[in-house]
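# A look at the structure
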Amino acid sequence: MAYARMLIETEGLTKQFERRRPSRRPWDIVKRRSVPVPDPVVAVDDVTLWVRAGEVYGLLGPNGAGKTTMARMLSTLLEPTAGTARICGFDSLRDAGAVRARIGVMFAGERGVYWRLTGRENLEIFGRLQFMPGQAINERAGSLLEHLGLAEQADDLVETYSTGMKQRLNLARSLLHDPPVLLLDEPTAALDPAAARATRELIRTLQGAGKAVLLTTHNMHEADEVCDRVGIINEGRLVAEDRPAALIASAGIEPRLELQLRGDVAAARRNLAADALWWGEVQEDGTIAVAVSAPAGWRSAERVAARLTEAGVTVIESRLREATLEDAFIKLTGSRLGGSFESI
Ligand SMILES: Nc1ncnc2c1ncn2[C@@H]1O[C@H](COP(=O)(O)OP(=O)(O)O)[C@@H](O)[C@H]1O
Ligand SMILES: [Mg+2]
């Protein structure tokens, strides 16, 4: 098998931000000065990874994990504190121009396009900025607008677009010059389910076309579905990296039982202590949602239910689930994605 080229490479990539707080000294307050204080934030901490041509790599992690900071360093927008980032062999600091010509970048948020122009005009301008010939711009813009479901509104002003439409236009812009490397920061974050699905399909097409795609996401279903490999990032550190199925397998995760309970929280906790408790939360309606290991499948489930009933806790609903990437994430980081971990 031919060894595919590494199009994205980082080595020991690190970004440290100084925390700035308003000073308490009167003179600084008068001058509205903020001064650096110790304990900097290490947003990205010694990350080494690579992405091959024809590979979709997902950087999966909760809010504040350092995903956007990674994407900004790779796209030359932010200077690393230490380590290196290379795109197609070009260094993001020394050869920033060569890097920019080879990447398509999309950041979450709506400010990647001009609101006072139409969708099509936006793509024309960005195409010219990339020195694309006029005909190539027209053809490519037309096909991308079609592909991303924007054909009908192509000649409407962007300010009339919904958030999801602006985001899709943003994605079209990043793909316009057909770059070999795509850096997509939460590309489906503001999209409705249908648009998110279309975007995921498009990303798979890019993979088929031999692009190297690095996408960030806090959505584990997305990571599982779209990515060839996933790097789990937590507090700036890459804590695990593999194919989604391998991550699940290597975390040694058993099937788990999800229960919805009504009754005394303390009694439930006492009676579940013997089983490995994954997580538990008291819901708004006063019921308790818990997940426990169920190594013996339904037999474990019956045993757990019997013990809870004995303790006066009602099982409203129970569901047996195969391990998912989210389970692997919980196991590896001790926290849940996209929400706080709150043990009962
Ligand atoms: N410009 C900045 N100045 C100071 N701290 C920052 C800056 N940008 C990000 N951070 C901090 O770095 C950490 C990682 O942020 P970010 O990369 O945006 O995470 P994510 O994209 O995974 O949500 C967070 O703690 C965030 O507050
Ligand atoms: Mg982010």
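For the structure, see preceding data.
Residues numbered from 1 in each chain as written. Chains lettered and ligands numbered in written order. Predicted model: local features only at pLDDT ≥ 70, side-chain atom pairs only at ≥ 80, totals over all residues. Heavy atoms only, no water.

## What about the site of ligand 1?
Surrounding ligand 1, one finds Phe 17, Val 41, Ala 43, Pro 62, Asn 63, Gly 64, Ala 65, Gly 66, Lys 67, Thr 68 and Thr 69. Thr 68 has a polar side-chain atom sitting 2.8 Å from an oxygen atom of ligand 1. Here an oxygen atom of ligand 1 and a side-chain polar atom of Thr 69 are 2.5 Å apart. Relative to its unbound accessible surface of 560 Å², ligand 1 loses 61% to contact with the protein. When residues of the shell around ligand 1 are traced back to their parent elements, those giving at least two are β4 (41-52) and α2 (67-74). (Near = heavy atom within 4 Å. Polar contact = N/O pair within 3.5 Å; in protein donor to acceptor, adjacent residues only side chain to side chain. Areas by Shrake-Rupley, 256 points an atom, 1.4 Å probe, with all protein chains shown as cover. Helix = DSSP H or I, 4+ residues; strand = E, 2+ residues; numbered from the N terminus.)

## Section: the side chain of Thr 216
With respect to the helices, strands and loops of the structure, Thr 216 is situated in strand β10 (residues 212-217). A polar contact of 3.0 Å, which involves the side chain of Thr 216, links it to the backbone nitrogen of Glu 186. The residues contacting Thr 216, other than those within four sequence positions of it, are Leu 59, Lys 67, Leu 184, Asp 185, Glu 186 and Pro 187. (Contact = heavy atoms within 4.5 Å.)

## Considerations on unusual backbone geometry
In this structure, Asp 46 takes a positive phi of about 60° despite not being glycine. With respect to the helices, strands and loops of the structure, Asp 46 is situated in strand β4. Looking at Asp 46, the relative accessible area reads 46%, which means it is partly exposed. Despite not being glycine, Cys 88 shows a phi value in the positive range, around 50°. Structurally, the position occupied by Cys 88 is in the loop between β6 (82-87) and β7 (90-91). Of the residues examined, Cys 88 reaches a relative accessible area of 23% and is grouped as partly exposed. (Buried < 20%, exposed > 50% of the residue type's maximum accessible area, 1.4 Å probe, protein only.)

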